[in-house]
Amino acid sequence: MEGTNILTGDHLPTDNGDLIFHPINHATLIMSWSGKMIYNDPVGDSAVFKGFPRADLILISHAHTDHFSSSTLG
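What counts and how
- Residues numbered from 1 in each chain as written.
- Predicted model: local features only at pLDDT ≥ 70, side-chain atom pairs only at ≥ 80, totals over all residues.
- Heavy atoms only, no water.
- Helix = DSSP H or I, 4+ residues; strand = E, 2+ residues; numbered from the N terminus.
- Rg over C-alpha atoms; globule rule 2.2 N^0.38 Å.
- Pairing = 2+ DSSP bridges.
- Patch = residues over 30% accessible without salt bridge, like charges linked within 9 Å, V, L, I, M, F, W, Y side chains within 5 Å.
- Areas by Shrake-Rupley, 256 points an atom, 1.4 Å probe, with all protein chains shown as cover.
- Salt bridge = Lys/Arg side-chain N within 4 Å of Asp/Glu carboxyl O.
- Buried < 20%, exposed > 50% of the residue type's maximum accessible area, 1.4 Å probe, protein only.
- Contact = heavy atoms within 4.5 Å.

1. Observations regarding the overall build of the protein chain
Thought 1: The secondary structure content of the protein chain amounts to one helix and five strands.
Thought 2: Reading the helices (α) and strands (β) of the protein chain from amino to carboxyl end gives β-β-β-β-β-α.
Thought 3: In terms of overall size, the protein chain behaves like a compact globule, its C-alpha atoms giving a radius of gyration of 12 Å where 74 residues would be expected to give roughly 11 Å.
Thought 4: Here the C-alpha coordinates of the protein chain stretch approximately 35 × 25 × 20 Å along the principal axes.

Structure (C-alpha cells):
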C-alpha cells in the first residue's frame, strides 16, 4: 500500500482478505479491502488524508456538510 499512514482499526475477515475499517472522525472512515481504498463521508481538513492512498471509491451517506465536503478531497 502506498502512503505513509497505516490503516488500523477493526478487521472483518472475508474470503477476499480482511476488510479494514480505519475511523477518522464522526462518520468519516477509510476502508481497505481487496486492494481497494474506500472513503466514507470525507469531511474535515484534507491533511488528515495525506499519506493515505487515493480513494478508489467514495461513499457519501447524505448531503449534510458534516458528511461531505468537496474541499476535503480537493
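We are not done yet, so read on.
2. Quick word on the pairing of strand β2 (residues 19-25)
Thought 1: Note that strand β1 (residues 10-12) and β2 share three bridges and pair antiparallel. Bridge pairing in β2 links Asp10 to Phe21.
Thought 2: As consecutive antiparallel partners, β1 and β2 are separated by six residues, and within that stretch Gly17 has a phi angle of approximately 95°, a positive value.
Thought 3: Pairing of β2 with strand β3 (residues 28-33), which is carried by five bridges, proceeds in the antiparallel orientation. Looking at the pairing, Phe21 lines up with Met31 of β3.

3. Regarding a nonpolar patch on the surface
Thought 1: A contiguous nonpolar surface patch, about 290 Å² in accessible area, is contributed by Ile58, Ile60, Phe68 and Leu73.
Thought 2: Here Ile60 is to be found in the loop between β5 (57-59) and α1 (70-73).

4. Describing the environment of Ser46
Thought 1: Mapped onto the elements of the fold, Ser46 is located in the loop between β4 (36-40) and β5.
Thought 2: The exposure class assigned to Ser46 is partly exposed, which follows from its relative accessible area of 36%.
Thought 3: When near neighbours in sequence (up to four residues on either side) are disregarded, Ser46 contacts Ser71 and Thr72.

By themselves, these observations are geometric and do not establish any function.
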